[in-house]
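Take a look at the letters that make up each chain.
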Amino acid sequence: MAGMNSIPFTVAKNEHFFDRLGDYIGDVFYDILPEQGFELRDEQIYMAFQLEQAFKHKKTIFAEAGVGTGKTIVYLLYAICYARYQRKPVIISCADETLIEQLVKEGGDIDKLEKALGLEVDVRLAKARENYLCMKKLDPLSEYTEDEEILDVHDSVPDFVFDQGVSMQSFYPYGDRKDYPWLSDKQWEQIGWDPLKQCATCDFRHRSAQTLHRDYYRHAKDLIICSHDFYMEHVWTKESRIREGQLPLLPEASAVVFDEGHLLEFSAQKGLTYRFNYQNITNVLTGYQGQDVREESLQLAEDIMALHDDWFDYISEIAVRVEGSNRLEIPTDTKMREMAVQLEKMVQELLEQLVFDAELFTMDAYHTKIIEEYLEFFTYGLSIFLKDDEGVYWLEEDGDQSSLVIMPRLVEEVLREEVFQKNIPFIFSSATLSQNGDFSYIAKSLGVDAYDFFSVESPFDYEEVRTIKEHGYSEEAEKYLGIATQLQENEGHSLILFRSEEEMQAFRKWAETQDWSFDFLFEGDKEISEIVREFQFNKSSVLCAYHLWEGLDVPGEALTQVIIASLPYPPDDPVFKAKRKHAKNAYDEIDLPYMELRLKQGIGRLIRTEQDKGIVHIWKKA
Ligand code: SF4
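Treat the numbers as computed from the prediction; the structure is a model and nothing was measured.

Conventions adopted
- Per chain, the residues get numbers from 1 upward, laid out in the order the sequence is written.
- Whole-chain, interface and lining totals are the exception, using all residues; otherwise, since this is a predicted model, local features are given only for residues with pLDDT of at least 70 and side-chain atom pairs are given and counted only at 80 or more.
- In this analysis, strands are considered paired if DSSP registers two or more bridges between them.
- Under the scheme used here, helices are H or I runs from DSSP no shorter than 4 residues and strands are E runs no shorter than 2 residues, and both carry numbers assigned from the N terminus.
- In this scheme, a helix's expected span is set at 1.5 Å multiplied by one less than its residue total.
- Bend at a given residue is defined as the angle between two axes, one fitted to the seven residues that end at that position and one fitted to the seven that begin there.
- Whether a residue is buried, exposed or partly exposed is read from the other C-beta atoms within 10 Å of its own C-beta, which are placed from the backbone; 20 or more gives buried, 12 or fewer gives exposed, and intermediate counts give partly exposed.
- Contacts here follow a simple rule: the backbone-placed C-beta atoms of the two residues must lie within 7 Å.
- Residue ranges assigned to the domains are those given by an automatic or database domain assignment.
- As a rule, the C-alpha atoms of each element are fitted with a line to give its axis, helices using only the stretch in contact, and angles between N-to-C directions run from 0 to 180 degrees.
- What sets the label is the angle itself: under 35 degrees gives roughly parallel, over 145 gives roughly antiparallel, 65 to 115 gives roughly perpendicular, and the rest give oblique.
- By the definition used in this description, the sense in which the near helix is turned from the far one sets the handedness, with an anticlockwise turn below a right angle giving left-handed and a clockwise turn giving right-handed.
- Note on residue classes: Ala, Val, Leu, Ile, Met, Phe, Trp, Tyr, Cys and Pro are nonpolar, Asp, Glu, Lys and Arg are charged, and everything else, Gly too, is polar.
- In this description, a nonpolar core means buried residues of the types Ala, Val, Leu, Ile, Met, Phe, Trp, Tyr and Cys, linked to one another by C-beta atoms lying within 7 Å.

**Considerations on the sheet that holds strand 9 (residues 401-408)**
Thinking step 1. Reading across the sheet, the four strands line up as 6-9-8-7 and stay open at both edges, with antiparallel pairing between neighbours. With partners counted over all chains shown, the strands left at the sheet margins are strand 6 (274-277) and strand 7 (328-329), one partner each.
Thinking step 2. Bridging between strand 6 and strand 9 involves four bridges; their strand directions are antiparallel. Note that in strand 9 the partner of F276 across the bridge is L404.

**Overview of helix 23 (residues 586-603)**
Structurally, the α-helix is built with 3.6 residues per turn, so residues lying three or four positions apart point the same way.
Thinking step 1. Its 18 residues give helix 23 an end-to-end C-alpha distance of 24 Å, which sits within 8% of 26 Å, the value for a rise of 1.5 Å per residue.
Thinking step 2. Of all the bends in helix 23, the greatest, near 35°, is centred on L592, and the proline P593 appears no more than four residues after it.
Thinking step 3. Buried within helix 23 are the following residues: I590, R598, Q601 and G602.
Thinking step 4. In this structure, the buried residues of helix 23 make contact with strand 13 (494-497), strand 16 (561-564) and helix 22 (574-581).

**Describing the domain arrangement of the chain**
Accessible area lost upon the coming together of the parts serves often as the stated size of an interface.
Thinking step 1. As assigned here, the chain comprises domain 1 (1-122 + 220-272 + 411-459), domain 2 (128-217), domain 3 (274-408) and domain 4 (462-621).
Thinking step 2. Of note, the centres of domain 1 and domain 3, computed from C-alpha atoms alone, are 40 Å apart.

**Considerations on the packing of helix 13 (residues 295-318) against helix 14 (residues 334-359)**
Thinking step 1. Look at helix 13 against helix 14: their axes get within 10 Å of each other, and the N-to-C directions meet at 155°. Here helix 14 runs roughly antiparallel to helix 13, going by the angle between their axes. The way helix 13 lies across helix 14 gives a crossing that is left-handed. Contact with helix 13, carried on its side by S297, L300, A301, D303, I304, L307, H308, D310, W311, Y314, I315 and I318, involves K335, M336, M339, A340, Q342, L343, M346, V347, E349, L350, Q353 and D357 of helix 14 and no other residues of that element.
Thinking step 2. Among the residues forming the contact of helix 13 with helix 14, the class breakdown is 15 nonpolar, four polar and five charged.

**Examining the nonpolar core**
Thinking step 1. Counting 143 residues, the largest nonpolar core has L51, A79, L223, I225 and I427 as the members making the most contacts within it.
Thinking step 2. Per-element tally for this core: the top contributor is helix 3 (residues 71-86), with 11 residues.
Thinking step 3. Those residues within four positions of L223 in sequence are excluded, and the remaining contacts are A79, I80, A83, P89, V90, I92, V121 and V123.
Thinking step 4. The next biggest cluster of nonpolar side chains, apart from the first, holds 13 residues, and it includes M135, L138, V161 and L183.

Written as structure tokens, this is what we have:
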């Protein structure tokens, strides 16, 4: 077995790494993998050659390859060898937080490579904060909750978390959402991190689940797997974290692979988002009032807090809920804008006052810096909000808390400077990157100026192994009965994809009144990779989901039927409204391509290997 972190082939002093890598990859695809029962695919050989050029010349490449081309194995193999050669990990960024476990699961592509090639790959997951336990929530909750399952989580927390005297050497990562698969998403919300938590000032910080997990994945030797959202959060917070004496979210990488790379732009927008919580400004300015500052500054801070509260209340009042999205639309409104203009003016004034207060030495430097940074962040967000067409904004509600979210509409400039100017290989991999072979649209929207590209079709004979049937319906009840017949005829073994959570819950309500001879699994009832695992092993079960249009990889008899409960058009939320507003023909340029792409991805869940066959039913409202 090749040792951990050593290149899996030898390179003599007079040989070049890439020549030997080429020989090794040839051996792997022509000899080693076929000997282990893997099929040799011409597409993989072609891809391997293209990727080699990108790694060798540190280029950006768009690798468009259909389902079944084995593209993941190819990029993983290069990524592992390159990370070891450069002695820096490669980051693999996936579409969705729910999917990052798929790559490392038993029987997944990394597992297969390790077994076939005798490799021991050091791969670690970098997950978003929401996936980690928050002791500031769990600890007080455990005092009064009667929920046994939450109490079980509390009991499982390692002793060092509570015992201040324990040495840091004995700390280890704990508190990953995945460690508690029995909890529903609703239960997890009560104990997982959320944006209202003030981690910077938390007394658990050094023994907190997210701190220890971060420390763990930062030391990965080969691969770090994260979501696009997390990667973009890293890009966006890197400078400010360094300024504050913190480490960036991700370490320096030798290369980055964007799996399902067509979804990166949206994550970039989300990563560059300004999120204002109702409470934030009050917390910051209350800290200001606690300082020995001049009377006029105090009055101005009071006035800002009052106006800010009125403004937020007004926004909450006019915001409109949108089906299929947790983003509440904020309609254009003169009063709301006038309040925002006034607020921006007053915050600017306070920033000037702050300079005086700091010069009079009545405030300590640390407090001045914190207040200044927040107010600057606040006014910058407001300026995007007030400039027509530069920002997209919406309200998000979480219980009785709400946040105003402001997102820039175009991200290409920032990406060009912050990401693609780096002299490292960037690999985009997806079945859908180009518009009929033209990659200029994606390249432009991401700020990629120079790139290589290629396309390879799926090798599967879809005509032979897959039947697609379309069905019209006018009433939901009619569709439900139709879906029931399809499920009975197939004896379960099905994935039903819904356009939104609401749609799935409506179906669930109905399904729970019926008799079935197989089990149903619903997204959100447990941790997602646990649900996927159950679906895979409980072969006759039916999986209902609204997120798994992409990335779900369940070959074999567990999944022989995909039912598309309705066409996956984008929600009518602020983000898509902004996109539509800037299109000449919104339906053709935004809605239709989005729907077609997602539909194609959804259908793609069915045939995962040469042996798979099955049926896809698509329900269309008449
Ligand atoms: S550091 Fe943050 S997530 Fe961790 S316990 Fe404290 S508040 Fe919660």
